[in-house]
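Here is how the chains run, residue by residue.
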Amino acid sequence: MSERLRFTLADTDAPRQWYNLLADFPEPLPPPLHPGTKEPVTPEMMTAIFPENLVAQEMCSDRWVDIPDEVRDIYALWRPTPLLRAVRLEKALQTPAHIYYKYEGVSPAGSHKPNTAVPQAYYNKLAGTKRLATETGAGQWGSSLAFACKVFGLECVVYMVKVSFQQKPYRKLMMQTWGATVHPSPSEVTDFGRKMLAEDPHCNGSLGIAISEAIEDTVKHPGTKYSLGSVLNHVCLHQTVIGQEAIKQMELAGEAPDVIVGCVGGGSNFAGISFPFIGQKIKAGKNYRIIAVEPESCPSITKGDLRYDFGDTAEMTPLLMMHTLGHKFMPPSIHSGGLRYHGMAPMVSHARKLGLIEATSFPQLKIFEAGVLFARTEGIVPAPEPCHAIAAVIEEAVKCREEGRKKVILFNLCGHGMLDLPAYDTYLSGKMKDVED
Ligand SMILES: *Cc1c(COP(=O)(O)O)cnc(C)c1O
């Protein structure tokens, strides 16, 4: 074999701590505010919907946070995940660039989301929670939490954005297989869902609406807490196992990345791959270009304002300082359900404001073209969300060819697309549009 393609870590090299970028930001992150008083929210306010231990973690700015053994034992089912070099994609593009990808699709749910679902279920169990309520877009988060709840013996109820519930029945079946209850959102089981349906019986739903329903469910059911799969600081924290492993694996490959790319919906997989590298950028003066990629039709970080906004449509969450399209924004029904969110993680928004990262966007046809080329060269069929990252990687690699310059590019292949094949069907049969009707 000519070139080494796959870089794996021993189980004993798995990270023992999560990395907290809050400790290293050159300016502090603006705190979440109470919508009524406009004062910073107190831990007591947040414990209405989150357990105290996770609230403490949300507000913690220690640089390193120990990963509990119980969590590491579950991570060990699929972590450390592999890092691969995409030499066949490089050849197809005739580029001097070296392209590496961290593959998170090997988890039970097929994406990076179990990296936070497992610790969230664990901390809830520890705090005495009996039942977790949540929302899901494409179903990736709902299935990850369903799995994690089953592992720690918690009940799980999921409000799934209706358009995905209809387009992606297999994810619903995965959740049910892991024992969760799944409602299409807007649903008939909450006041807010019924209100939305009264206004528009054909409402496709959105993550903002589903979050409102899950929070309403939480406050109305004793023993229930709410769980969020992206956006919040503790979620970004849990995902940093990805970037920490990637740093060690790039060392094994004997290269350092010039460019690091991830797709962004709420920002968590991007945070996972990039925050440990951003830490090196701040502390060790490393000169990485770090690029967040989002859909052109839901462009929170490239076109949204940086301001305080609600995380949900019903205005039940605290105000978060983030890039936002406005909490009433109704994203079009693109196939990347996981990227249909009006806002961006405050930590990712802050990194953008401080000039530590860049952002770009791509339309739907372009990202499926990229995903199909990746599948035809590297084999793995990517989820539509990371196809955004792949489109940006291809653009960089083509630039390298045109400029006759080698660069090392690393991206996060945050999930596989084996349950997204209907979207590929739409693309391959020529019926896909940049924005669905
Ligand atoms: C949920 C999801 C996303 C979007 O969420 P982030 O928090 O931005 O990572 C992206 N890709 C996949 C595969 C997902 O499941």
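For clarity, every value in this text was computed on a predicted model and none was experimentally measured. (Residues numbered from 1 in each chain as written. Predicted model: local features only at pLDDT ≥ 70, side-chain atom pairs only at ≥ 80, totals over all residues. Heavy atoms only, no water.)

**Remarks on the domain arrangement of the protein**
- Along its sequence, the protein is carved into domain 1 (2-13 + 78-110 + 240-428) and domain 2 (17-65 + 113-233).
- Measuring from the centre of the C-alpha atoms in domain 1 to the corresponding centre in domain 2 gives 22 Å.
- Between domain 1 and domain 2, the contact holds 53 residues from the first and 54 residues from the second.
- Sorting the residues of domain 1 by area buried against domain 2 places Ala109, Met347 and Leu419 first, and these three jointly supply 15% of that buried surface.
- For Lys283, the salt bridge goes to Asp24, with nearest N and O atoms at 3.5 Å. (Domains from an automatic or database assignment. Contact = heavy atoms within 4.5 Å. Buried area = accessible area lost by both parts, 1.4 Å probe. Salt bridge = Lys/Arg side-chain N within 4 Å of Asp/Glu carboxyl O.)

**What about the pattern of salt bridges?**
- The tally for this structure, following the rule as stated, stands at 21 salt bridges.
- Of the charged contacts, one joins Arg131 and Asp217 as a salt bridge, the two residues approaching to 2.8 Å between their closest N and O atoms. Taken as a pair, Arg131 in strand 6 (residues 131-136) and Asp217 in helix 10 (residues 207-220) lie far apart in primary sequence, 86 residues in all.
- Judged by relative accessible area, which is 14%, Arg131 ranks as buried. (Helix = DSSP H or I, 4+ residues; strand = E, 2+ residues; numbered from the N terminus. Buried < 20%, exposed > 50% of the residue type's maximum accessible area, 1.4 Å probe, protein only.)

**Things to note about the state of the cysteines**
- With the rule as written, the count across this model stands at 0 disulfides.
- Left without a disulfide partner, Cys60 is nearest to the cysteine sulfur of Cys236, which lies 14 Å away.
- Free of any disulfide, Cys236 has its nearest cysteine sulfur in Cys263, 13 Å distant.
- By relative accessible area, Cys236 is classed as buried at 1%. (Disulfide = S-S within 2.5 Å.)

**With respect to the packing of aromatic side chains**
- Here the structure, examined in full by the defined rule, presents 14 aromatic pairs.
- Ring geometry for Tyr75 against Trp78: centres 6.1 Å apart, planes inclined by 70°, an arrangement best described as edge-to-face.
- Three or more aromatic residues joined by ring pairs form one cluster here, namely Tyr75, Trp78, Phe147 and Trp178. (Phe/Tyr/Trp six-rings, centres within 6.5 Å; stacked < 30°, edge-to-face > 60°.)

**Regarding helix 2 (residues 52-59)**
- Of all the residues in helix 2, the buried ones are Leu54, Val55, Gln57 and Glu58. All buried residues of helix 2 lie within an arc of 160° about the axis, which places them on one face of the element.
- In this structure, the buried side of helix 2 is in contact with strand 2 (17-19), helix 1 (43-46), strand 3 (64-66), helix 5 (114-127) and helix 11 (233-238). (Arc of directions from axis to C-beta.)

**Re the side chain of Ser144**
- Note that Ser144 resides in helix 6 (residues 140-152).
- Beyond its immediate stretch of four places on either side in the chain, Ser144 contacts Ala109, Ser111, Lys113, Pro114 and Ala117.

**Focus: the site of the ligand**
- Inspection of the region around the ligand gives 17 residues, with Lys113, Ser230, Gly265, Gly267 and Ser268 positioned closest.
- Within the side chain of Lys113, a nitrogen or oxygen atom sits 2.7 Å from an oxygen atom of the ligand.
- One of the side-chain N or O atoms of Ser230 is found 2.5 Å from an oxygen atom in the ligand.
- Here the ligand, which alone exposes 370 Å², has 97% of that area covered by the protein.
- Because more than half of its atoms lie within 2 Å of the grid, the ligand is assigned to the largest cavity.
- A per-class count over the shell around the ligand returns 4 nonpolar, 11 polar and 2 charged.
- Two domains each provide a minimum of three residues to the shell around the ligand, namely domain 1 (2-13 + 78-110 + 240-428) and domain 2 (17-65 + 113-233). (Near = heavy atom within 4 Å. Polar contact = N/O pair within 3.5 Å; in protein donor to acceptor, adjacent residues only side chain to side chain. Areas by Shrake-Rupley, 256 points an atom, 1.4 Å probe, with all protein chains shown as cover. 1 Å grid on protein atoms, 1.4 Å probe; cavity = no way out; pocket = protein on both sides within 12 Å on 5 of 7 lines; lining within 4 Å. Sits in = over half its atoms within 2 Å of the grid points. Nonpolar A, V, L, I, M, F, W, Y, C, P; charged D, E, K, R; others polar.)

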